[in-house]
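Single-letter residue listing:
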Amino acid sequence: MKKYFLLIIFLSCSISAWSQTDDQKKLEERKARLLEQIKQNERMLKETTQKEKSVINVIQQQNAKIELRQRLIQTTEKQAKLLTDDIYVNQLKINKLNRELEALKEDYANMIVKSYKSRSERSRAMFLLSSKDFTQAYKRVQYMKQYASYRKNQGDEIKVKTEELELQNIKLQKLKSEKEQLLVQQEQEKATLEKEKKQQETLVNSLKKDKNKIAAQIKKQQQEANAIDRKIQQLIREAIAEANRKAAKSSGTKTVSTGSSSSKMVLTPEGKIVSDNFKANRGRLPWPVKKGFISLKFGSQPHPVVKTTQINSNGIEISTEQGENAYAVFGGEVFLVQIITPIKKAVYVQHGDFFTVYYNLSSVNVSKGDKIKENQVIGKIFTDGTGKTAIKFSVLQNDTFLNPQTWLAPNK
């Protein structure tokens, strides 16, 4: 019973080890992506700092870099924990091998003693000659052969266990070394994080004298953002109402002219398939940019610079490098290209009763009615006078704003 219990423990440890190896690989990949994102952020931050046009832009980018650095530290901590678990499992294997090796050596030693006591040819001959009959003599010959074979096998097994033990000890030392390196990296990242936080604090303090001016700017920007959101909803409601009128006309039914009828789309069978496919890909959609970071999140939140001021965003703002393109996150149909100003545009793409909006483009590559595919270039992202390149990205179902971050694949 004890033997089976130990076997179950060993198998459990082995399965756990395989699982942890896979987890370590995923964490290493995530760590590499985070380091690349930090490098991109540092390049963008350097460009913005060199232009010296907007301290607020620098603070926003610093905030994003600090968040990435914190995620990197968390990833390193998870790696260290997995290595600790690996070391524990490896130590269990070593302890088990040591016990097995000691038992084998003890058994082998006893055999040697017995062999020494009956080492003479005369003793062996007397053992055979003292047999009662031929059958017993034959069995004793077989026993002597099996005993000799068992002794050889015991010696071979001791050799195998010894080699396995040596390998496990080497592996253990390697795991311990990896953990030590990770802990050193972690301390370095923490030191860098503290340094970045102090730099951030200095930048924020430099703006305190302009607090009232900045607060007024934030209020104005919030009003502009609210006006943009209302316009987006209005345009989508108009598109829904028009689509519903066409659907009613083709089916010979009458539309009901109420507010609710124009805010919810009546889907055709084809439209329902597209809508269901879009919904099924929640959390897996590609980002509308190839590189960048979220500089403004969805929902109500403290302003990234003036923490005492609350702002609300019905989409997300993604900052990227100058000259970058915007990409479709899912296949659909362009139902509107909006000209905001002569140098700023927006593209609205329909996916059944879902809509994605790409706002703040300097130029567009698509037209109304175009059928577009996932990852197709929609246009080039606008760069303002301070050197900031950012796209406002929104996701709606009918005219209701949804959190885009829950729809996009994690930018791990």
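Not measured: the values here are computed from a predicted model. (Residues numbered from 1 in each chain as written. Predicted model: local features only at pLDDT ≥ 70, side-chain atom pairs only at ≥ 80, totals over all residues. Heavy atoms only, no water.)

1. Digging into the overall build of the protein
Selection criterion: By the criteria applied, helices consist of DSSP H or I runs no shorter than four residues and strands consist of E runs no shorter than two, each listed in order from the N terminus. For the exposure calls, accessible area comes from a 1.4 Å probe over protein chains only, and a residue counts as buried if that area is under 20% of its type's maximum, exposed if over 50%, partly exposed in between. In this analysis, two residues are considered to be in contact whenever any of their non-hydrogen atoms come within 4.5 Å of each other. Only the protein chains shown count as cover for residues, and the accessible areas themselves come from Shrake-Rupley with a 1.4 Å probe.
When helices and strands are counted, the protein shows six helices and twelve strands. For the protein, the residues scored as buried account for 38% of the 412 residues in total. Nonlocal contacts in the protein, meaning residues at least 24 apart in sequence, comprise 71% of its contacts between residues at least 6 apart. Carbon and sulfur atoms make up 55% of the accessible area of the protein, which totals about 24500 Å².

2. Brief notes about the nonpolar core
Stated precisely, the cut-off is as follows: Working definition of a nonpolar core: buried Ala, Val, Leu, Ile, Met, Phe, Trp, Tyr and Cys residues. They are joined through side-chain atoms within 4.5 Å.
Counting 26 residues, the largest nonpolar core has Y358, L361, I378 and I391 as its most contacted members. Put simply, the parts of the chain that give this core at least two residues each are β4 (316-320), β7 (344-351), β8 (354-364), β10 (377-381) and β11 (389-397). Excluding anything up to four places from it in sequence, I391 contacts V289, I316, E317, I318, A326, Y358, Y359, N360, L361 and I381. By size, the runner-up hydrophobic cluster in this structure holds 14 residues, among which are I236, M265, F335 and V357.

3. Some words on the packing of aromatic side chains
So the rule is basically this: Note on aromatic pairs: the rings of Phe, Tyr and Trp (six-membered ring only in Trp) are paired at centre separations within 6.5 Å, and the planes decide the class, stacked below 30 degrees, edge-to-face beyond 60, tilted for the rest. Counting as a charge over the ring demands two things of the Lys NZ or Arg CZ atom: a distance within 6 Å of the ring centre and an angle within 35 degrees of the ring normal.
Scanning the entire structure with this criterion turns up seven aromatic pairs. A ring pair is formed by Y358 and F393, whose centres lie 5.4 Å apart and whose planes are at 50 degrees; its orientation type is tilted. In this pair, Y358 sits in strand β8 while F393 sits in strand β11, placing the two residues 35 residues apart along the sequence. Here the two residues Y358 and F393 agree in accessibility, since each one is buried. Across the ring face of Y327, the terminal group of K290 is positioned such that the distance to the ring centre comes to 4.5 Å.

4. A short note on the pairing of strand β3 (residues 310-313)
Operational definition: Following DSSP output, two strands are said to pair if at least two bridges run between them.
Of the two faces of β3, the one holding I311 and S313 is buried and the one holding Q310 and N312 is not buried anywhere. In terms of strand pairing, strand β2 (residues 299-302) meets β3 through four bridges, oriented antiparallel. By the bridge assignment for β3, G299 is matched with S313.

5. Brief notes about unusual backbone geometry
In this model, N375 sits at a positive phi of 70 degrees, which is unusual for a non-glycine residue. Within the secondary structure, N375 sits in the loop between β9 (371-372) and β10. N375 gets classed as partly exposed once you look at its relative accessible area, which sits at 32%.

6. Some details on the pairing of β10
It is a general feature of regular strands that their side chains alternate between the two faces of the sheet. Pairing of strand β5 (residues 325-327) with β10, which is carried by three bridges, proceeds in the antiparallel orientation. Among the inter-strand pairings, N325 is bridged to a residue of β10, identified as K380. Where β8 meets β10, three bridges bridge the pair, whose relative direction is antiparallel. By the bridge assignment for β10, V364 is matched with G379.

7. Regarding the environment of G283
Inspection of the secondary structure puts G283 in the loop between α6 (269-280) and β1 (293-296). Assessed through its relative accessible area of 25%, G283 is described here as partly exposed. Along the sequence, G283 and P410 sit 127 residues apart, while their C-alpha atoms lie 7.2 Å from each other. Beyond its immediate sequence surroundings of up to four residues, G283 is in contact with T406, W407, L408, A409 and P410.

8. Here we look at the environment of Q188
Considering the arrangement of structural elements, one finds Q188 in helix α4 (residues 134-206). Sequence spacing of Q188 and I73 is 115 residues, and the spatial spacing of their C-alpha atoms is 9.6 Å.

9. As for the confidence of the model for the protein
Let me state the cut-off plainly: For every residue, the predictor assigns a confidence score, pLDDT, that lies between 0 and 100.
Confidence in the prediction of the protein, expressed as mean pLDDT, is 76, and 67% of residues score 70 or more. Here residues 1-6 scores under 50 on pLDDT; set against residues more than four positions off or in separate chains, the count is zero contacts. Here residues 255-261 scores under 50 on pLDDT; set against residues more than four positions off or in separate chains, the count is five contacts.

10. Brief notes about the side chain of S313
To keep things clear, this is the line we draw: Whenever two N or O atoms come within 3.5 Å, that pair is a polar contact, provided that in protein one can donate a hydrogen and the other can accept it, and provided that, for residues adjacent in sequence, both atoms are side-chain atoms.
Within the fold, S313 resides in strand β3. A polar contact is formed between the side chain of S313 and the backbone oxygen of G315, at a distance of 2.6 Å.

11. What about the pattern of salt bridges?
Stated formally: Salt bridge, as used here: a side-chain nitrogen of Lys or Arg that lies within 4 Å of a carboxyl oxygen of Asp or Glu.
Taken as a whole and judged by the stated rule, the model has seven salt bridges. Notably, a salt bridge pairs E321 with K291, separated by 3.4 Å at the nearest N-O pair. Of this pair, E321 sits in the loop between β4 and β5 while K291 sits in the loop between α6 and β1, placing them 30 residues apart in sequence.

12. Observations concerning the environment of K197
Along the chain, K197 falls in helix α4. Not counting residues up to four positions away in its chain, the partners in contact with K197 are I66 and Q70.

13. What to know about the side chain of T320
Along the polypeptide, T320 turns up in strand β4. Looking at T320, its side chain comes within polar contact range of the main-chain oxygen of K291, at 2.7 Å.

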